[in-house]
Amino acid sequence: MPVETENKQKFVQGINKKSESTSINKKIVYDTKNLNLWYGENQALKEINLQIAENEVTAIIGPSGCGKSTYIKTLNRMVELIPIVRTSGEILYRGKNIFNKSYPVEALRTNVGMVFQKPNPFPKSIYENIAYGPRIHGIRNKKVLDEIVEKSLRGAAIWDEVKDRLKENAYGMSGGQQQRLCIARCLAIEPDVILMDEPTSALDPISTLKVEDLIQELKKNYSIIIVTHNMQQAARISEKTAFFLSGEVIEYTDTSKMFSNPDKKETEDYITGRFG
C-alpha cells in the first residue's frame, strides 16, 4: 500500500464523524471578507474569505509560515501591535467590522479571548491569575471574585486539582495545568470566542488529551478557533477545518470531508504527508 494512502486511512480513522450539515441554522460569529495583510512589503494573507459558525470548533491547519497564526491574531486585532502591519478587506464580528475606527479594540479583546502556544501564567498565585481580568473590569467584591475564580477553574476542568492550592504561585503547576489555568483565566472575563494558537504543542500526550476533552466541553458555550500542526488533533476535535498555504485558504470544509475526500490536490498532498 502506498505510504500516502496508508497515512490518509489513518487520518480518516481518527475523525469523529460529524454530519455534513453541522453549521446549518447556526449563527455566524466571524465573517472574513477579502482580507489581505502585509508585514511591510511582504504579503502574509491573501484574499481570505471565511465564515465561522458559533459553538463549533474550527481548526486551521497548514505548514509553518502559511499565515495560520497571523490570521487568528487578526481576529482580535493583536496583529496590530506590530507597527509595520497593514490590512485591507473586512472582518465582521457579530455583523460589525472590527477594522472600523469606531470599534473599540478593548471590547473586542474582552469578547475574544486568546490562549497561546506556551502556557503564560502571571507570576502570581493561582487565585490572582484568575481574578486579574475581573479586577481590571472593575470587580472588587471578594465574594464575587471567589465565585468567578471557582467557576472559571471548574470551567477549565482544573478546580479539583488546585482548589487547595489557590494561594500558591502558578509557576509551581505542571505545564498542562498551567495551560488549563490560562484557559480558566480566559474564561474569567466571559468571552464569546476563544482563539487558541497551538495550545497543546508544548504539552505531553496526557495533558494534550485533557485539553482536547476540555475543548469539546467548552464549545457548548463558546466558539473556538484553533491553530494546530497536529492533523490528528484537528480531525478529533473540530467540526470545520481550513487549510492555509502561502497565505491563502486552499480549502475550507467539514472536517470529516477534509480528511476523507478533499477537493484540492494541495490539501490531499499536505494531509498525506507529501509536504509540510
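See the structure shown above.
So, here's what we can say about the structure. Only a predicted model underlies this, so the values are computations on that prediction, with no experimental measurement involved.

Moving on, we come to the overall build of the chain. Looking only at helices and strands, one finds eleven helices and ten strands in the chain. Based on the C-alpha atoms only, the size of the chain along its principal axes is roughly 60 × 45 × 35 Å. The proportion of buried residues among the 276 residues of the chain is 51%. Here the analysis covers contacts within the chain between residues at least 6 apart in sequence; of these, 69% occur between residues at least 24 apart. Total accessible area computed for the chain in this model is approximately 13,100 Å², and 50% of it derives from carbon and sulfur atoms.

The contact between helix 5 (residues 142–155) and helix 7 (residues 175–187) brings their axes to 8 Å, and the two run at 130°. Here helix 7 runs oblique to helix 5, going by the angle between their axes. Relative to helix 7, helix 5 is oriented so that their crossing is right-handed. Seen from helix 5, the contacting residues are S152, L153 and G155; seen from helix 7, they are L181, A184 and L187.

Here E54 is to be found in the loop between strand 2 (42–53) and strand 3 (57–61). In this structure, E54 is in contact with K26, K27, V29, R94 and S223, ignoring residues within four places of it in sequence.

A full pass over the atoms with the stated rule returns five aromatic pairs. Ring geometry for F122 and Y132: centres 4.9 Å apart, planes at 65°, overall edge-to-face. Taken as a pair, F122 in the loop between strand 6 (112–115) and helix 4 (126–136) and Y132 in helix 4 lie far apart in primary sequence, ten residues in all. For F122, a relative accessible area of 25% gives the class partly exposed. Assessed through its relative accessible area of 39%, Y132 is described here as partly exposed. With centroids separated by 5.1 Å and ring planes inclined at 20°, the aromatic side chains of F243 and Y270 adopt a geometry described as stacked. Here the residue F243 occupies a position in strand 9 (residues 240–245), and Y270 occupies one in helix 11 (residues 265–271), the gap between them amounting to 27 residues. With respect to burial, F243 and Y270 carry one shared label: buried. In this structure an aromatic cluster arises from ring pairing among F243, Y270 and F275. Its guanidinium or amino end placed over the ring of W38, R86 lies 4.4 Å from that ring's centre, counting from NZ or CZ.

Where strand 9 meets strand 10 (residues 248–254), six bridges bridge the pair, whose relative direction is antiparallel. Across the sheet, K240 pairs through a bridge with D254, a residue of strand 10. Here strand 9 folds back onto strand 10 in antiparallel fashion, the turn holding two residues, of which S246 has a positive phi close to 55°.

Turning our eyes to something else, we now look at the pattern of salt bridges. According to the stated counting rule, one finds 18 salt bridges in the structure shown. Note that E150 and R154 form a salt bridge whose closest N and O atoms lie 2.9 Å from each other. Of this pair, E150 and R154 both sit in helix 5, four residues apart, which is roughly one turn of that helix. The partner of K265 in a salt bridge is D269, with the nearest N and O atoms 2.8 Å apart. Note that K265 and D269 are positioned in helix 11 at a spacing of four residues, about one turn of the helix. Residue class for K265 comes out exposed when judged on its relative accessible area of 57%. It is possible to trace a salt-bridge network through shared partners that takes in E54, R94 and D192.

Turning next to the environment of K220. Assignment of secondary structure puts K220 in the loop between helix 8 (205–218) and strand 8 (223–227). Within the structure, the side chain of K220 is placed 3.1 Å from the side chain of E217, a separation counted as a polar contact.

The subject of this paragraph is the sheet that holds strand 5 (residues 96–97). Backbone-to-backbone hydrogen bonds pair the strands of a sheet. The strands run either parallel or antiparallel. On the basis of which strands lie adjacent, the open sheet formed by four strands has the order 2-1-4-5 and antiparallel pairing. Of all the strands in the sheet, the pair left with one neighbour each is strand 2 and strand 5. As paired strands, strand 1 (residues 28–39) and strand 2 are joined by eight bridges and run antiparallel to one another. Note on strand 2: the bridge partner recorded for L37 is L45.

Moving on, we get to the sheet that holds strand 8. Reading across from one edge, 6-7-8-3-9-10 is the order of the six strands in this open sheet, with mixed pairing throughout. Here the strands that pair on one side only, and so sit at the sheet edges, are strand 6 and strand 10. If you compare each strand with its neighbour and ignore which way they point, the axes differ by 15° on average. Packing against the sheet, helix 2 (residues 68–75) makes contact with strand 3, strand 6, strand 7 (193–197), strand 8 and strand 9, and its axis sits at approximately 155° to strand 7. Packed onto the sheet, helix 8 meets strand 3, strand 7 and strand 8 and runs at close to 150° relative to strand 8.

The rules behind each value
- Residues numbered from 1 in each chain as written.
- Predicted model: local features only at pLDDT ≥ 70, side-chain atom pairs only at ≥ 80, totals over all residues.
- Heavy atoms only, no water.
- Helix = DSSP H or I, 4+ residues; strand = E, 2+ residues; numbered from the N terminus.
- Buried < 20%, exposed > 50% of the residue type's maximum accessible area, 1.4 Å probe, protein only.
- Contact = heavy atoms within 4.5 Å.
- Areas by Shrake-Rupley, 256 points an atom, 1.4 Å probe, with all protein chains shown as cover.
- Axes fitted to C-alpha atoms, helices over the stretch in contact; angles between N-to-C directions.
- Parallel < 35°, antiparallel > 145°, perpendicular 65-115°, else oblique.
- Left-handed = near helix turned anticlockwise from the far one by under 90°.
- Phe/Tyr/Trp six-rings, centres within 6.5 Å; stacked < 30°, edge-to-face > 60°.
- Lys NZ or Arg CZ within 6 Å of the ring centre and 35° of its normal.
- Pairing = 2+ DSSP bridges.
- Salt bridge = Lys/Arg side-chain N within 4 Å of Asp/Glu carboxyl O.
- Polar contact = N/O pair within 3.5 Å; in protein donor to acceptor, adjacent residues only side chain to side chain.

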